[in-house]
Amino acid sequence: MAEKKKAKPKTKTTTRSKTKPGPKAKGPDVEGLTIRVCVGTGGLAAGSQEVIDSFHTELKAHGLEAAVEKKCVNKTGCRGFCAKDVLVDVILDGSTSTYQRVRPEKISRIVEEHIINGRPVEEWLVGPDYHTFHDKQTKILLKQCGQIDPEDINAYIGIGGYEGAKKALSLTEFEVIEEVKKSGLRGRGGAGFLTGLKWEFCSMSRATPKYIICNADEGDPGAFMDRSIIEGNPHSVIEGMIIGGYAIGANTGYIYIRAEYPLAIERLKIAIDEATKKGFIGKDIFESGFDFEIRIKEGAGAFICGEETALIASIEGKRGMPRSKPPFPVNKGLRGKPTVINNVETLSNLPSIMTKGASWFSSIGSEQSKGTKVFALTGRIKNTGLIEVPMGISLKEIIYDIGGGMEKKNRKLKAVQTGGPSGGCIPASHINMPVDYESLMRIGSMMGSGGMVVMDDATCMVDMSKFFISFTQSESCGKCVPCRIGTKRMLEILTRITGGSGKESDIDLLIEIGTDIKLSSLCGLGQSAPNPVLSTINFFRKEYESHIKKGICPAGVCKALRQYVINAEACKMCGKCARVCPSSAVIWQPKQKAVINKSKCVKCGACFDACPFNSIM
Amino acid sequence: MPGKKIKKVKIDGRRIACEKEETILQAAKKAGIEIPTLCHDDRLEPYGGCRLCIVEVKGVGRPLPACTTPVTNNMEVRTENDTIKRIRKNIISLLLSNHPNDCMRCEKTGDCALQDLAYRYDVDGSRFEGEKWDLPVREDNPFITYEPDKCILCGRCVRICNEVVMAGTIDLVGRGFNSMPDTAFRKPRSLDNCEFCGQCVSTCPTGALTDKKGRGKGRTYEMKKVRTTCSYCGTGCNFDLNVKNGKVVKVTSAYDAPVNYGNLCIKGRYGYDFIHNADRIKTPLIRKGDDSFHEATWDEALELIADKFSGLMKKYGNKTVGAFSSSRCTNEENFLISKFARTVFRNNNVDNCARV
Ligand SMILES: Cc1cc2nc3c(=O)[nH]c(=O)nc-3n(C[C@H](O)[C@H](O)[C@H](O)COP(=O)(O)O)c2cc1C
Ligand code: SF4
Ligand code: SF4
Ligand code: SF4
């Protein structure tokens, strides 16, 4: 098929370029043409490399090879709308058309109709959801990610890159810290601690040397904002580290990143190399007398290594296990020296705070939570992907305007889980609440690193909390008893509830042990692990009770609790169900309605799948 | 100077003057107030793993571990309230829920911190049912028996091996419910990696690590503990010989010993077989003309030595003799032998086997 398509344009182009040299001759004019292909991990997985290759082949076939080289097929980072990858912008004479779900076999038509003939291929363009997805967002970090080639430092410099570091280094350390404090920037790694204040504590420590560490461990299941920022704009993180390093007096920075992020690591390496060549890293940066170097430390990808003291242990070559605080890392961190640990997103906010000023930054967001936050929006929602919104935006706007509402029309919103395995769920009734640190805490959830899972009424809350606690249990470092054994027992209780053998006392036992785990665990993992369970019991206790007392999973998710019943009115007496049942539980004879013998049924669901008339419930 | 500044702390209503670097646990101990612990050992860095030592600190929203929290001025601590008691009971219940609860035939009964706590807080293993470890007993070390099922993951063995012995034989491996102390790649504890000092056994609060040679030889309460000084080298470590029916059946640490705080090496802890060995030499032996040895009294032996030395010195001069002492001698004994050489032999021919 591809051959057929290729064969056609060849003949056409030759005629067109000969006969119609008029307005369409703009096409081959390289100045007016830019093609942007999303090459984040999501894009690459969807085949963006093949798309780029295909563009090259097609353009070449049209005699445009010399005119369109790498310059025009820019690699850009993730722009968030991953469900529609591969996304391609074709910018022709200043007007941008965005294509979604581009595959290599689509390129010849795009080149032929759009680039050569100036008529965009309407049916492949992004729909209105692409625009609602973007319009309610306030893109600061992600904007640049979609714009520039992350492997080219000049692209970053072209949009004002490294001006923030330059400005910071012209101020005193004290002035930089004051500016960051004034901006109200809070850590994006989870706890939301004021970044400027953390820096101030570290700068007050007299011991030397000091260190700054960028936390790029990103272990929450389903989270990928930090990876996207690094892949799309690695220089912004490096620049943030230079600013932070200067402010606290650290000459060495570490980026702790999981080895499962090979592309991000590759881009960081390139970026560090380029920045070093430009003199932004190294000795006497901007002739300020400040020296700074950055080292990359690859982690093996344990969730607990995102916790700051475990991360430090891991860099030191020890087992990644948290220790008690105090002493805090700002006083005794890496190798016992004062250390600031900041999240990727926190750091990449700094360059623009320095260039545009603290008051610009603090004008975005809510009373106590300033700036924007990147979320990984997933679940039963139409538009999934990475979004960047101002702090304080309501959940409703995120779900319905940006997310486009529920994925399935006949489904209702049930709850939203924020903060990943450490967070809690927010029931649909609270949909008008603002999304900021304080509000989320108040409702028993947390910001976390920015996971946001939207659930509809086909989601079982018991099953959902079982998923999260099985994650925290298997990622617990094992150091302290409540987390190591407590989460295991909670998981077992949830497993028996979803398996149909829950006991009436189980809910209270979950609450008691969950509370005690929170109160007595050593680190943030254990202290927050019970949150998904406790908050779902708080808001959806009836659902737990229904599993235990009635043996019914209201959402119909828990297999062991499913009951298959044949709707006699709908049954057409075909007998397909009886034929597939492996345990002869269906009683049926020709020209008779089928009935399921409950005591024989093994709940395999074979009859449900086999019924051509949807008569089995 | 750090460590000298005095802080005033109130624990369970009692005022205690503390030094700056002290923890709540140390302050309480000083005042004779007991706080339960499982992962703490004075020989090791504070760890905060078992969470039993959590206490209420006035003005702090959540309980804090006494073992890792430093005292601050005017701190007010309550070592137990209803919530903390409930949490402690639940922690012990959780530990027992993954424990064989096999006290009847366990080597550690009577000397087991877990058993004592279960008794004190009146809990058994029945509250939480669920998966239990069922791992084989490890006999891969000639001196140490490891019963993983009885391990409570206090990490003491791991820390003593790394912090004190610095052998690095074991660390925690695995994650979540399946973490446990083991060697790298779970290889046998053998000559390749282990020092056989038994330090891990000395710190293990449960029956997970026990001295192989002492197993089945008697309960703690049947033993007479005789404090003695090690005879292997001049360091002077103390330990307790455990004597039952007039026989030394094992050696246990003397944690209050000023020289070694309960630390020992392989020789002190496991090198006691000679005591009741049939081949042990108990009197001096003198070689007769036919090259055979004959038992003698000390007087006979010393007299013979004196005769021989004087004879040699008279015949060949005083420079031809010397004194060579053993590294098993104490400093005082070594001093005496060198004094002996200088005053009696009138030379400086003194040496010791420990000069490598
Ligand atoms: C179990 C656990 C996992 C964590 N994982 C991460 C992570 O993946 N990335 C991150 O930036 N912070 C993580 N944190 C938070 C860090 O400990 C730390 O607070 C943060 O990196 C500080 O940076 P910030 O002030 O810029 O937020 C984690 C914390 C806990 C308790
Ligand atoms: S709370 Fe969990 S992860 Fe944190 S130290 Fe304790 S066992 Fe390890
Ligand atoms: S280790 Fe202690 S609690 Fe466990 S079986 Fe032995 S004596 Fe009992
Ligand atoms: S073997 Fe003993 S000392 Fe080592 S972790 Fe287990 S219980 Fe603690």
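Use the structure listed above.
Predicted model only: the values in this text are computed from it and were never measured.

### Quick look at the site of ligand 3
Here is step 1: Residues in contact with ligand 3, as listed here, are B:His99, B:Asp102, B:Cys103, B:Cys106, B:Thr109, B:Cys112, B:Leu114, B:Gln115, B:Thr206 and B:Gly207.
Here is step 2: Of the residues belonging to the shell around ligand 3, the class tally is 4 nonpolar, 5 polar and 1 charged.

### Thoughts on the interface of chain A and chain B
Here is step 1: Between chain A and chain B, the residue contacts involve 36 residues of the former and 35 residues of the latter.
Here is step 2: Together chain A and chain B conceal approximately 3,000 Å² of surface at their shared face, both sides included; 54% is due to carbon and sulfur atoms.
Here is step 3: Contact with chain B buries surface across chain A, with A:Arg319, A:Arg489 and A:Leu519 losing the most and accounting together for 22% of the total.
Here is step 4: Our count for the chain A to chain B interface comes out at 4 salt bridges.
Here is step 5: B:Arg86 is paired through a salt bridge with A:Asp516; the nearest N and O atoms lie 2.4 Å apart.
Here is step 6: Within the residue set of the side of chain A that touches chain B, elements represented by two or more residues are helix H19 (461-475), helix H20 (481-498) and helix H21 (506-520) of chain A.
Here is step 7: Here the side of chain A that touches chain B gets 9 residues from one element, more than from any other, and that element is H20(A).

### Focus on empty space enclosed by the protein
Residues and elements named next belong to chain B.
Here is step 1: Applying the stated rule across the entire model yields 6 cavities of 30 Å³ or more.
Here is step 2: Looking at the largest cavity, its volume works out to about 110 Å³.
Here is step 3: Along its surface, the largest cavity is lined by 16 residues, and Cys 161, Thr 169, Cys 194, Cys 197 and Cys 200 are the ones closest to its centre.
Here is step 4: Listing elements by their share of the lining of the largest cavity, those giving two or more residues are helix H4 (156-164) and helix H5 (199-203).
Here is step 5: Each residue belonging to the lining of the largest cavity can be placed in one class, and the counts come to 11 nonpolar, 3 polar and 2 charged.
Here is step 6: Considering the residues around the second largest cavity, the lining is formed by 14 residues, among which Cys 151, Cys 157, Pro 181, Cys 204 and Ala 208 are closest to the centre.
Here is step 7: For the lining of the second largest cavity, the per-class residue count stands at 11 nonpolar, 2 polar and 1 charged.

What counts, and where the lines are drawn
- Residues numbered from 1 in each chain as written.
- Chains lettered and ligands numbered in written order.
- Predicted model: local features only at pLDDT ≥ 70, side-chain atom pairs only at ≥ 80, totals over all residues.
- Heavy atoms only, no water.
- Near = heavy atom within 4 Å.
- Nonpolar A, V, L, I, M, F, W, Y, C, P; charged D, E, K, R; others polar.
- Contact = heavy atoms within 4.5 Å.
- Buried area = accessible area lost by both parts, 1.4 Å probe.
- Salt bridge = Lys/Arg side-chain N within 4 Å of Asp/Glu carboxyl O.
- Helix = DSSP H or I, 4+ residues; strand = E, 2+ residues; numbered from the N terminus.
- 1 Å grid on protein atoms, 1.4 Å probe; cavity = no way out; pocket = protein on both sides within 12 Å on 5 of 7 lines; lining within 4 Å.
- Points joined across faces, edges and corners; volume = space filled by probe spheres on them.

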